[in-house]
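Listed below, chain by chain, are the residues.
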Amino acid sequence: MSTKRVLTGITTTGTPHLGNYVGAIRPAVAASRAPGVESFYFLADYHALIKCDDPARIQRSTLEIAATWLASGLDPERVTFYRQSDIPEIPELTWLLTCVTGKGILNRAHAYKAAVDRNEAAGNDPDADVNAGLFMYPVLMGADILMFKAHEVPVGRDQIQHIEMARDMAQRFNHLYGEHFVLPEALIEESVATLPGLDGRKMSKSYDNTIPLFTPRDAMRRLIAGILTDSRAPGEAKEVEGSALFQIYQGFASAEETQALRQAYADGIAWGDAKQALFERVDREVAPMRDHYQELLAHPERLEDILQAGAAKARRLATPFLQELRHAVGLRRLSAIASAKTPAANDKVALPSFKQYREKDGQFYFKLLDAQGKLLLQSTGFEAPKAAGQAIAQLKQSPAETLQTLQGQCHLADGVDETVVLAALTALQPQDGD
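Remember, predicted model here, so these are calculated numbers, not experimental data. (Residues numbered from 1 in each chain as written. Predicted model: local features only at pLDDT ≥ 70, side-chain atom pairs only at ≥ 80, totals over all residues. Heavy atoms only, no water.)

### Concerning the side chain of T12
Okay, so step 1: Inspection of the secondary structure assignment puts T12 in the loop between β1 (4-10) and α1 (18-31).
Okay, so step 2: In this view, T12 contacts L43, A44, D45, A48, S61, T62 and I65; residues no more than four positions away in its chain are not counted. (Helix = DSSP H or I, 4+ residues; strand = E, 2+ residues; numbered from the N terminus. Contact = heavy atoms within 4.5 Å.)

What follows is the structure, given as structure tokens:
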């Protein structure tokens, strides 16, 4: 079964609340455990700079959000969990994509258009107080996604446009420089749970009606006690439809527990008792996570170690892939020109080549030679010729990624730089119509 890559960006501003946990964090953590899925989760701190110019807040928010996801069960050993700003290849790829992205596409981005519309409605210059970061946000997001060849990106419906724009960037780059990028798909979860807030409206910091996920136990009890209810007295049957208290309970409870509270509503449970039941059910799930969260906050150096390890894992993919892209666009070492000659129009251009052979040990091997016959790459033995052939095909199709995957099964020849091997493999990549 082929592995599917799923990439999730995590906003590093704001305080996570129960609605964030039920609607986004908990299902994302569960999805990270699915078989056949390679998951990438990144803290989008570069994106945070667009709206926040408070350095202390940027740092503190990154700490709190990272601790929240780890306390909620995200396993950094199972997934690639990293901070966006720890991957220097991301801003470099952003520039490469900027150079193939039409300004007209960025003009139509929802966030930028909304800012322009507000300015025009107020009689201001259309670009008043609009920074270039907001305008270029879709390109940075495109780089986040395309760098790791994500197949799917879980997003809300308001973010679908950004995935479509990332596809446009990838298609344009591939058209100009050969097939390098995977075209991502937006993964829309139709059944995403949303919780009401204290006032019955959707739980949102914009409405100031949230229950912070890791607020202290006594503070959570007080907040839950303040959830808006109607005036029905104890003993009067109560409606579950439209009840914010019931809906929040349902977001945490099992089907059996939910049915029991539904019956209690019908039997006339007192609102105070219903709120106590909600508090106890939420606290049962949150309390262990809260302890872990507080422990992580108390030891930020542990969080830093986890993020640095995640960045190292991510860069093992990003660094060789960016070298491949740099070569594709012509950002190459000039020494390669010295031995090259410009072919005549009817000359056949010499290309690197693979040689497959069988040794006396019965194993099957291959090696990569440059156009002049110099050894660049040597494999170890394969038990079957088909396996060796499949490795060659993968190297031609996805050079940087496959070199990383085949570590231990092939090695660079003495004195040969990896960039030279990537350049040779790129020259052998299948073109349209091949």
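Read on for the rest.
### Some points on empty space enclosed by the protein
Okay, so step 1: Considering all chains together, one arrives at one cavity of 30 Å³ or more under this definition.
Okay, so step 2: Of the pockets and cavities examined, the largest cavity occupies roughly 60 Å³.
Okay, so step 3: Lining the largest cavity we find R5, M147, K149, L317, F321, A400 and E401. (1 Å grid on protein atoms, 1.4 Å probe; cavity = no way out; pocket = protein on both sides within 12 Å on 5 of 7 lines; lining within 4 Å. Points joined across faces, edges and corners; volume = space filled by probe spheres on them.)

### Let's talk about a positive patch on the surface
Okay, so step 1: Judged by side-chain charge, K51, R57, R118 and K205 come together as a positively charged surface patch.
Okay, so step 2: Positionally, R118 belongs in helix α6 (residues 110-121).
Okay, so step 3: Judged by its relative accessible area of 57%, R118 is exposed. (Patch = residues over 30% accessible without salt bridge, like charges linked within 9 Å, V, L, I, M, F, W, Y side chains within 5 Å. Areas by Shrake-Rupley, 256 points an atom, 1.4 Å probe, with all protein chains shown as cover. Salt bridge = Lys/Arg side-chain N within 4 Å of Asp/Glu carboxyl O. Lys, Arg positive; Asp, Glu negative; His and termini not counted. Charge placed at Lys NZ, Arg CZ, Asp CG, Glu CD. Buried < 20%, exposed > 50% of the residue type's maximum accessible area, 1.4 Å probe, protein only.)

### Considerations on helix α9 (residues 217-225)
Okay, so step 1: Inspection of α9 places A219, M220 and I224 among the buried residues, and these make up the whole buried set. One side of α9 holds all its buried residues, which, seen down the axis, span an arc of 135 degrees.
Okay, so step 2: Buried residues belonging to α9 abut α1 and α12 (271-298). (Arc of directions from axis to C-beta.)

### Overview of the pairing of strand β8 (residues 375-379)
Okay, so step 1: Most of β8 is tucked away: four of the five residues are buried.
Okay, so step 2: In this sheet, β8 lies alongside strand β7 (residues 364-369) in antiparallel orientation, the contact comprising three bridges. Along β8, the bridge assignment pairs K367 with Q378.
Okay, so step 3: Taken together, β7 and the strand that follows it, β8, pair antiparallel across an intervening segment of five residues, in which G373 is found at a positive phi of about 90 degrees.
Okay, so step 4: The sheet contact formed by β8 and strand β9 (residues 410-412) spans three bridges and is antiparallel. Paired with L377 across the bridge in β9 is L412. (Pairing = 2+ DSSP bridges.)

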